Amino acid sequence: MAMVGRDTITDPKAADGTRTLLYSVRLTQETHVYANLPCSPYANLPFHPHAHPEPDLYAHNSPSQHLSWCPKSTLLGSAGTDLSSAQRWTVAGTTPALTSLARIVFYSTVRLCGTKSGCGEGGCGACTVMVSRYDRRRDEVRHYSIVACLAPVAAVHGMAVTTVEGIGSTQTRLHAVQERIARAHGSQCGFCTPGIVMSMYTLLRNHPKPSMEQLDEYFTGNLCRCTGYRPILEGYRGFTTDGSAGGGCGRKDCCKLRTQGCQEGTTSNEASNGTSNGDVSDGSRVTDISHVLYDAEDFQPYDSSQELIFPPELKTRDEWDSQYLEFKGDRVSYLRPVSLAQLLDLKAEHPEAQVVAGNTEVGIDVKFKNKSYPVLLNPAIIPEVTAVKVTQTGVTFGSSVTLSDIEETLREQVNTKPEYRTRVFSAILEMLRWFGGKQIRNVATLGGNIMTSSPISDLNPLLAAAGARLTVQSKAKGEREVAMDQSFFTAYRQNAIRPEEVLMAVHIPYTEQNEYFLGYKQARRRDDDIAIVNAGMRVAFRPDSIAVEQLRLAFGGMAPTTVMAPATMEELEGRCWDSSLLEAGTSLLLQDLPLSASAPGGMVEYRRALAISFFFKFYLSVRGRLSEQFPSLVDPLTEAEQKATKVHRYIPPKGTQLFQSVPPGQPSLDPIGRPITHASAFKHATGEAVYVDDMPHFEDELQAAPVVSSRAHARILSIDEEAALSMEGVEGFFCWKDLPEERNRIGPITADEELFASKKVTCVGQLIGLVVAKDRATAQRAAKAVRIQYEDIKPCIITIQDAIKEQSWWTPLTIKKGDIEEGFRSSQHILEGEMHVGGQEHFYLETHSHLAVPKGEDGGMEVFSSTQNPSGTQRHVAEALGVPSNLVTCRVKRLGGGFGGKETRVNMLSVPIAIAAASLKRPVRISLDREEDMLMTGGRHPFLGRWKIGFTDKGIFKSIQMDLYSNGGCSLDLTGAVTGYAMLNHDSVYRCENRKVTGYPCKTNLPSNTAFRAFGSPQAIIITEYMVSRVAEFLNMDPDEVRLKNMYVTGDETHYKQTLEKCTVRRCWDEVLSQADYPARREMAKKFNSSNKYTKRGIVALPLKFGIGFTELFLNQAGALVLVYTDGSVLLSHGGTEMGQGLHTKMIQVASRALKIPVTRIYVDETSTDKVPNASSTAASLSSDLYGMAVLNACNTIMQRLEPYMAANPKGGWDGWVKAAYFDRVSLSATGFYKTPGISGYNFEKNEGRPFNYYCFGAAVTEVEVDCLTGDHSVLRTDIVMDVGDSLNPAIDIGQVEGAFMQGLGLYTLEELRYSPEGVLLTRGPGTYKIPGFQDIPREFNVSLLRGAPNPRAVFSSKAVGEPPLLLATSVFYAIKQAVASARADQGFDPVFRLDSPATAERIRMACQDSLTQKVEPAVLDNERPWSVTV
Ligand SMILES: Cc1cc2nc3c(=O)[nH]c(=O)nc-3n(C[C@H](O)[C@H](O)[C@H](O)COP(=O)(O)OP(=O)(O)OC[C@H]3O[C@@H](n4cnc5c(N)ncnc54)[C@H](O)[C@@H]3O)c2cc1C
Ligand code: FES
Ligand code: FES
């Protein structure tokens, strides 16, 4: 592996062409890694590799071209030209052995930037690569997907590593997995795409014809924040045995397609907006339906025999996988012994040494917990610890057998042995299904899990309950057996194995006929999440009896260690398996498993309720089995009980996507309304797409790391950077002293923040300083060495409740319409209520990244940034540097997701690095770690809503009063605007003559919260829907009736006095009810609920209205620049940034229609402030509307100039006209400008103005199933009808609908930010903060774009789409609430109850009150500090 570094020399022996670079210092051992890759596509390329959006990628290549592997042929100079080779890397010497493979791949000279880093902790899958090794025992090559961020480079010694670049490229030939994800629209921002491609690729290498379930299993470790997953699965469906690929449900006779398009609302457009998509030349309008978002027939066939071969050298020569390895670094020595004797010798020599197997625990300890292990011993090639032995009594696994291999063995056992023998194995298999992601299971070991002794280990409770026996060995004392019983775990992360001992093997016993065994796990998210509580339960019965002979109950998550329940186990022995045992068992368990109210992890009552709920499930399952054996003694399970014992089963996802076809008369070249592939999709899929951190490094570039506050509200007494500055490689430390006070201030609306905190800090995570060093690792290490002394300041306001108590807010805003007091007086009923809605982390896969490059003249600066607001970044950098804006250029190629999080908060980093770069006169780059990003950059505002509603007997709303409190954090940022937007949109679709809404932007000591997709509206409307459902409950009316009675229609006026035009909400509503077969399914859900006590269903329909427009009038403007070159190619620039939403693609489509040339002739390079000045943020879903019109105007100017040449030579064609104009000295560049007509902004004080250009409408129906005993839920089906006007690109728009819906689903059900009472964010990565995964998508997901609804107020009659559909996920929340209400009613509790958002498993279970929850005493804090608080 080629490495670059200051102490690197070239291996003199490498004359054969292999690029071998060795570290010169203390060279002890080389690691050989083979990478099936060409070499960096960027190695010799400038920053922006040009390619047309949809090049003809593989027409000229035969599949065999990239087959052969040749270790000696690739040189770095041949970038992108030679795919027919693999490259041998040699890493040697003091490269720390624990350096992650991801770092090597990314930062070495080859810079394989396709492999992305989204978290660095194994939780997102962006860094997935395939590792292949030759298994000499089985004589076969084994392929594994692994996360490169946790793979120490030394661990892949002698293996072949395939990165995304190695399997295909746009410059030669795409691999089928790359092509299909791109063509099926499975890539938006593209940051997750290479990792997903590599998971799929590995699956195909292992199973050329996989099932959908296998596909799902391989994706358990991959996250995507943009797409909503459906298109990824759809694109890959064609590889599977379960279904062919294609849009829609895949059936040509899909029932949905039989519906005729609607003719309603087909008025002509305003001419200025271009022609409507449905309009054809004869003026008629056709609205046929299509479901084909891509044509699967176009996919190149997949031929598994054509794959890259495994490097023969690795197969024929066994030295690399049999030799002793020793890497000695400054801080860590990494040794790979070859025999057990050698391992034990080393362990005796270094008793402090850690055995490191999969490194999924050690890696996290080193990276996040600052632990250092001076000696690491890798046992990977020692036969005794890697062997699997099937014996008479069970299976013995070597401690270093990976979980994937264990799965394979256990499955074989389960398939071949009698069912009763393998009950423990079945439970382990079930548990492994939910253990980490596939990439983790491929490397993590059983020994690692046991030895970590985590209190929430998934396997330890099972092993303890099963009575597993461990073999341990040391040099001094030899071998001994250790039982995994209640004395095994001695303290938090400690066990009975002595430091000098090595865990050799684990024996897992078979079960007997009279023995039952089950495992349970409940996590926040079902897939790839650590447990909240888990359990292993085993019972053995006396012969021919239902009396318990032995009971073993082990739990995780109930104490600092895995614990058993000794009193319960003992007391219940000898008792019959009947309801009295259940009753006694649950009470005893609560005594056995006490939890203090302040226990780490929180959720104390829930955890206790879960423990006894698991026992209840176990009781039922065993009773079910006993009833078959002893029908006269034991009652069979009722239908409801049977359902309660069922484990979650995989249901393959399905769905349809319906949209309006382009009319038959539309020219084939005209792309408007067609599902054109995202312009960068192929580059995303091959890893060629360049993000800020991928940009080649400048020769003298430096890396920065932030120094942030660890206190929420404190005076800074001193900042001591001496230790940091004395570290080798550190070039500088910057803080408030480095710039004049007035330039240290920043803020998008009010400059109320300091760039670098000077005298006091106002939140944890606030920037205090910046360390700049030769590389990122050094900068980060040095940042930790900066010492800050604080003195806490009171009060410290963390929660909204604190803010209310202290009246801590910026100026409250009120909107009033009518007379609310009179409205209440004339109401027959009045209700009041309150609801809290939690915040949300943006979790864009690409963290904040910036590069500031001094121009070298006149104090100029070029900033490459992941910003949604290049002009804002330019302005702030210029102000901080004290130079005019014309000396600063901000350039944005693309963002790996933004969602509002990179609109204003980006400047808190882009500006400081520009200051450092200007001072040092060297380029400075920063790319935050996920943890830093989550800590520093804020998110969606938590809201508290207090409402009062007056209404009539018939459910007509007469008066509404709502107070909305938003937790804005420590600076204003956009909090006023977010709160205002929530106030404007809080009416949802409901009319009310008298309304008063007040917004309190609360000032707290949290990091500043900021813009997030839909900008306060999701919080407001979920509160409104709560109010609406309360009215229905109170009147005992169908909530849908209440909704319909109050639903806006065209001509209604909102509380801010804007009249609704072309209100399509009722159409969306009617269509979605029909599409979802809602009335019938509602009845079915009721029927289901009537016979199911422990599992409940809810089905809810909800409508949506969302205003489109910046409420600040001046922001509603846009610019574009069109440059036509003499070869006819067009370079298009506009002010919007591409962050996955397909803006550039849509703009290319607009230009293509206007210029009447194919999309392939038009290229969008980047967004840059030196091309289009003064652009507004890419935000508020507005960019297609604004920039589309600006692009159209610029193109129209060009066309006007070309008109004479077209008239003179009608057959000249585009190229001819362009040339003729050029030779005639006509300008071929044009700017376009647009300002939205007919809007006037909005004045809150006067309640005047027209804030919105128009509205988006939609409706959704969602059905869920809730496990009332655990709080788990599944979304069974969602149907959406969304009005996007005449879609510019149905593939992109449907992608936005699905992606936004899934982000909303996360907001309302899964994602929970936890803060300590001191304001420290506790959830700082994918390990603790759960965004939806592949498994969380509705099992059936049908999306229709409303047909025949052109919008005269935006380009080509389209509508905005980015944000509004997120609100439709309220249907998931209220479907869950409905299911819970049914459970409560069954159990005799009030079905009317408060449920705050998100509806987490904890909240669901605790709301499903029953006799079990009644047994759990309320957790009383007694002056203790709670683990977390609701902010
Ligand atoms: C993203 C992610 C998801 C995860 N999900 C889960 C999950 O769902 N459930 C769960 O339970 N865990 C989970 N984990 C934790 C971790 O993966 C498991 O504990 C795993 O089994 C550890 O195995 P390893 O081989 O990677 O251990 P390592 O990190 O290599 O070692 C862990 C510890 O075990 C010791 N050790 C290993 N082998 C031996 C031996 N033979 N003798 C003596 N000591 C030894 C090491 O010295 C070290 O202290 C997750 C981790 C990550 C990063
Ligand atoms: S970066 Fe490796 S899993 Fe996220
Ligand atoms: S496309 Fe998956 S994270 Fe953006």
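Remember, predicted model here, so these are calculated numbers, not experimental data.

Taken together, the neighbourhood of ligand 1 is formed by 30 residues, with Gln354, Val355, Ala357, Thr360 and Thr445 sitting nearest. Within the backbone of asparagine 359, a nitrogen or oxygen atom sits 2.9 Å from an oxygen atom of ligand 1. Protein coverage of the free-state accessible area of ligand 1, which is 980 Å², stands at 92%. Sorting the residues of the shell around ligand 1 by element identifies strand 11 (354-355), helix 13 (446-452) and strand 19 (502-509) as the ones contributing at least two each. Considering each element in turn, the shell around ligand 1 owes the most residues, five residues, to helix 13.

Taken together, the side chains of Glu549, Glu570, Glu571 and Glu573 define an acidic patch exposed on the protein surface. Tracing the backbone shows glutamate 571 in helix 15 (residues 566-572).

Bringing the sheet that holds strand 34 (residues 829-837) into the picture now. The strand order across the open sheet built from five strands is 33-41-40-39-34, with neighbouring strands paired in mixed fashion. Strand pairing shows two members of the sheet lacking a second neighbour, strand 33 (813-817) and strand 34, which therefore form its edges. Between one strand axis and the next, the sheet turns through 10° on average, direction left out of account. Note: strand 34 against strand 39 (residues 943-951), nine bridges, orientation antiparallel. Looking at the pairing, methionine 835 lines up with glycine 945 of strand 39.

Before going further, it helps to examine the UniProt feature "binding site: FAD" (unreviewed entry) in the chain. Listed under "binding site: FAD" (unreviewed entry) in the UniProt record, and renumbered for this structure, are Val355, Val356, Ala357, Gly358, Asn359, Thr360, Glu361, Val362, Phe435, Asp458, Leu503 and Lys521. With respect to the element layout, alanine 357 can be found in the loop between strand 11 and helix 8 (362-368). Residue classification places alanine 357 among the partly exposed residues on the basis of a relative accessible area of 31%. Beyond its immediate chain neighbours, meaning those up to four positions away, alanine 357 contacts Pro379, Ser400 and Thr445. Within the secondary structure, valine 362 is located in helix 8. For valine 362, the contacting residues outside a window of four places in its chain are Val356, Tyr373 and Leu376.

The linkage connecting lysine 794 with the following residue, proline 795, adopts the cis geometry, with an omega of -5°. Note that proline 795 resides in the loop between strand 32 (787-792) and helix 22 (800-806). The peptide bond linking serine 1397 to proline 1398 adopts the cis configuration, its omega dihedral lying at 5°. Looking at where proline 1398 falls in the secondary structure, it is placed in the loop between helix 36 (1370-1386) and helix 37 (1401-1407). We note that lysine 1057 has phi near 65°; this positive angle belongs to a residue other than glycine. By the secondary structure assignment, lysine 1057 is in the loop between helix 29 (1039-1046) and helix 30 (1065-1075).

Packing of helix 32 (residues 1143-1155) against helix 33 (residues 1183-1208) brings their axes to within 9 Å, and their N-to-C directions diverge by 30°. Here helix 32 lies roughly parallel to helix 33, going by the angle between them. Handedness of the crossing formed by helix 32 with helix 33: right-handed. Facing helix 32, whose interface residues are Leu1143, Lys1146, Met1147, Val1150, Ala1151, Ala1154 and Leu1155, helix 33 presents Ser1183, Ser1184, Tyr1187, Gly1188, Val1191, Leu1192, Cys1195, Asn1196, Ile1198 and Met1199. Looking at side-chain class alone, the contact of helix 32 with helix 33 contains 12 nonpolar, four polar and one charged residues.

On to the packing of aromatic side chains. Following the criterion strictly, the structure yields 35 aromatic pairs and no others. Their ring planes at 85° and their centres at 5.8 Å tell us that phenylalanine 951 and phenylalanine 1034 sit as a pair that is edge-to-face. Within this pair, whereas phenylalanine 951 is found in strand 39, its partner phenylalanine 1034 is found in helix 28 (residues 1017-1035), the two being separated by 83 residues in sequence. Residue classification places phenylalanine 951 among the buried positions, given a relative accessible area of 0%. Note on tyrosine 1056 and phenylalanine 1252: the rings are 5.6 Å apart at their centroids and 80° apart in plane angle, and the pair reads as edge-to-face. Taken together, the residues tyrosine 1056 in the loop between helix 29 and helix 30 and phenylalanine 1252 in the loop between strand 49 (1248-1250) and strand 50 (1254-1267) connect sequence positions 196 residues apart. No difference in accessibility class separates tyrosine 1056 from phenylalanine 1252, as the two residues are buried. Members of the aromatic cluster, joined through ring pairs, are Tyr981, Phe1015, Tyr1056, Phe1106, Tyr1242, Phe1244, Phe1252, Tyr1255 and Phe1257.

Moving on: the environment of cysteine 113. Checked against the element boundaries, cysteine 113 lands in the loop between helix 1 (101-107) and strand 5 (128-135). With relative accessibility at 0%, the residue cysteine 113 sits in the buried group. Residues cysteine 113 and aspartate 694 lie 581 residues apart in sequence; the distance between their C-alpha atoms is 5.6 Å.

Cut-offs applied
Residues numbered from 1 in each chain as written. Chains lettered and ligands numbered in written order. Predicted model: local features only at pLDDT ≥ 70, side-chain atom pairs only at ≥ 80, totals over all residues. Heavy atoms only, no water. Near = heavy atom within 4 Å. Polar contact = N/O pair within 3.5 Å; in protein donor to acceptor, adjacent residues only side chain to side chain. Areas by Shrake-Rupley, 256 points an atom, 1.4 Å probe, with all protein chains shown as cover. Helix = DSSP H or I, 4+ residues; strand = E, 2+ residues; numbered from the N terminus. Patch = residues over 30% accessible without salt bridge, like charges linked within 9 Å, V, L, I, M, F, W, Y side chains within 5 Å. Salt bridge = Lys/Arg side-chain N within 4 Å of Asp/Glu carboxyl O. Lys, Arg positive; Asp, Glu negative; His and termini not counted. Charge placed at Lys NZ, Arg CZ, Asp CG, Glu CD. Pairing = 2+ DSSP bridges. Axes fitted to C-alpha atoms, helices over the stretch in contact; angles between N-to-C directions. UniProt positions renumbered as here; feature names shortened; annotations may be inferred. Buried < 20%, exposed > 50% of the residue type's maximum accessible area, 1.4 Å probe, protein only. Contact = heavy atoms within 4.5 Å. Parallel < 35°, antiparallel > 145°, perpendicular 65-115°, else oblique. Left-handed = near helix turned anticlockwise from the far one by under 90°. Nonpolar A, V, L, I, M, F, W, Y, C, P; charged D, E, K, R; others polar. Phe/Tyr/Trp six-rings, centres within 6.5 Å; stacked < 30°, edge-to-face > 60°.

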